[in-house]
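The residues making up each chain are set out below.
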Amino acid sequence: MDLKVAQGNHVAGPTGVPETVEGLEEALQNAGLRIALRRGEFPYGRELGSGFWLWDPKGEHSLERAVALANEALLDMPGVRAVSAREMESGVAFTVATPMGEGEVTVWKATTAS
C-alpha cells in the first residue's frame with residue numbers, strides 16, 4: 001500500500017486524510033513515477049528513474065525509444081514492463097504490463113528544462 005499521488009502531489013480524501021493505492025493501481029503509479037523521475041536526481045535512491053527526460057519525440061522510431069527508456073526505469077520492478085507508448089498532447093501514455101494486469105500511465109512531455 002502506498003499514498004496516492006496525482007500531478008506530483010499527494011491526494012487527500014474528503015476528510016483530509018491522504019488516500020492510498022494498492023495492487024495494480026499502486027504498481028502503475030510506481031511505474032509512472034519511475035519513468036518520470038530523472039535517473040540520479042532522487043537523493044535517497046540515485047538508481048531510480050530513467051533517461052526519458054532526454055527523449056526526442058521527433059527522432060526516428062521515437063515511440064520505440066520511449067518504451068526502451070521507460071523499461072530502463074522499470075528494471076528493478078519484477079514482471080513490470082512498458083509494452084507500448086503513444087504520444088498525447090499532455091505527454092506520452094505508456095501501456096504497462098504487471099503481474100496483476102495491464103494499465104496505462106501518462107508521463108508529461110520531457111524537456112531538458114523540465
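A quick note: this is a predicted structure, and the numbers were derived from the prediction, not measured.

A.B. asks: Where do I start with the side chain of Ser62 in this structure?
C.D. replies: Turning to its location among the elements, Ser62 is positioned in helix 2 (residues 62-73). Residue classification places Ser62 among the buried positions, given a relative accessible area of 12%. In contact with Ser62, not counting residues within four places along its chain, are Trp55, Asp56 and Pro57.

A.B. asks: Whenever I open this one, helix 1 (residues 24-36) confuses me. Can you help?
C.D. replies: With 13 residues, helix 1 should reach 18 Å at 1.5 Å per residue; the first-to-last C-alpha distance of 18 Å fits that figure. Residues of helix 1 that are buried: Glu26, Ala27, Leu28, Gln29, Ala31, Gly32 and Ile35.

A.B. asks: Got a minute to help me understand helix 2 in this structure?
C.D. replies: If you check helix 2, its first and last C-alpha atoms are 17 Å apart, about what twelve residues at 1.5 Å a residue would give, namely 16 Å. Taken as a whole, helix 2 has its buried residues at Ser62, Ala66, Val67, Leu69, Ala70, Asn71 and Ala73. Looking at the buried side of helix 2, the elements it contacts are helix 1, strand 5 (81-88) and strand 6 (91-98).

A.B. asks: Which parts of the structure should I look at to understand the pairing of strand 5?
C.D. replies: Taken residue by residue, a regular strand's side chains alternate between the two faces of the sheet. With seven bridges joining them, strand 5 and strand 6 adopt antiparallel strand pairing. Counterpart to Ala85 in the pairing with strand 6 is Phe94. Where strand 5 folds back onto strand 6 in an antiparallel hairpin, the turn is made up of two residues.

A.B. asks: Which parts of the structure should I look at to understand the sheet that holds strand 6?
C.D. replies: As a general point, the strands of a sheet are linked pairwise by backbone hydrogen bonds and lie either parallel or antiparallel. On the basis of which strands lie adjacent, the open sheet formed by three strands has the order 5-6-7 and antiparallel pairing. Of all the strands in the sheet, the pair left with one neighbour each is strand 5 and strand 7 (101-108). Across the sheet, the mean angle separating the axes of adjacent strands is 25 degrees when strand polarity is ignored. Set on the sheet, helix 1 makes contact with strand 6 and strand 7; between it and strand 7 the angle comes to about 35 degrees. Docked against the sheet, helix 2 engages strand 5 and strand 6, running at close to 135 degrees with respect to strand 5.

A.B. asks: Honestly, the pattern of salt bridges in this entry has me stumped. Any pointers?
C.D. replies: Pairing is possible between side chains that carry opposite charge, provided their charged atoms lie close to one another. In total, this model carries five salt bridges according to the counting rule given. A salt bridge links Glu25 to Lys4, with the shortest nitrogen-to-oxygen separation between them at 3.7 Å. Pair noted here: Glu25 is in helix 1 and Lys4 is in the loop between strand 1 (2-3) and strand 2 (5-6), with a separation of 21 residues, a long-range link. Exposure remark for Glu25: the relative accessible area of 41% places this residue in the partly exposed category. When the shortest N-O distance is used, the salt bridge between Glu72 and Arg39 registers 3.8 Å. With Glu72 in helix 2 and Arg39 in the loop between helix 1 and helix 2, this pair connects stretches of sequence that are 33 residues apart. Glu72 sits in the partly exposed class, given a relative accessible area of 29%. For Arg39, a relative accessible area of 36% translates into the label partly exposed. Three or more residues are tied together by salt bridges with common partners; here these are Lys4, Glu19 and Glu25.

A.B. asks: Just checking my understanding: could you explain the nonpolar core for this structure?
C.D. replies: When a protein is soluble and globular, its nonpolar side chains tend to lie buried together. Ranked by size, the top nonpolar core spans 20 residues in total, and within it Ile35, Phe52, Leu74, Phe94 and Val96 carry the most contacts. Of all the elements in the fold, those that place two or more residues in this core are helix 1, helix 2, strand 5, strand 6 and strand 7. Among the elements that make up this core, the one with the highest residue count is helix 2 (five residues). Those residues in contact with Phe94, other than ones at most four positions away along the chain, are Ile35, Phe52, Ala66, Val67, Ala70, Ala82, Ser84, Ala85, Gly103, Glu104, Val105 and Val107.

Reading the values: the criteria
Residues numbered from 1 in each chain as written. Predicted model: local features only at pLDDT ≥ 70, side-chain atom pairs only at ≥ 80, totals over all residues. Heavy atoms only, no water. Helix = DSSP H or I, 4+ residues; strand = E, 2+ residues; numbered from the N terminus. Buried < 20%, exposed > 50% of the residue type's maximum accessible area, 1.4 Å probe, protein only. Contact = heavy atoms within 4.5 Å. Expected span 1.5 Å × (residues − 1). Pairing = 2+ DSSP bridges. Axes fitted to C-alpha atoms, helices over the stretch in contact; angles between N-to-C directions. Salt bridge = Lys/Arg side-chain N within 4 Å of Asp/Glu carboxyl O. Core = buried A, V, L, I, M, F, W, Y, C linked by side-chain atoms within 4.5 Å.

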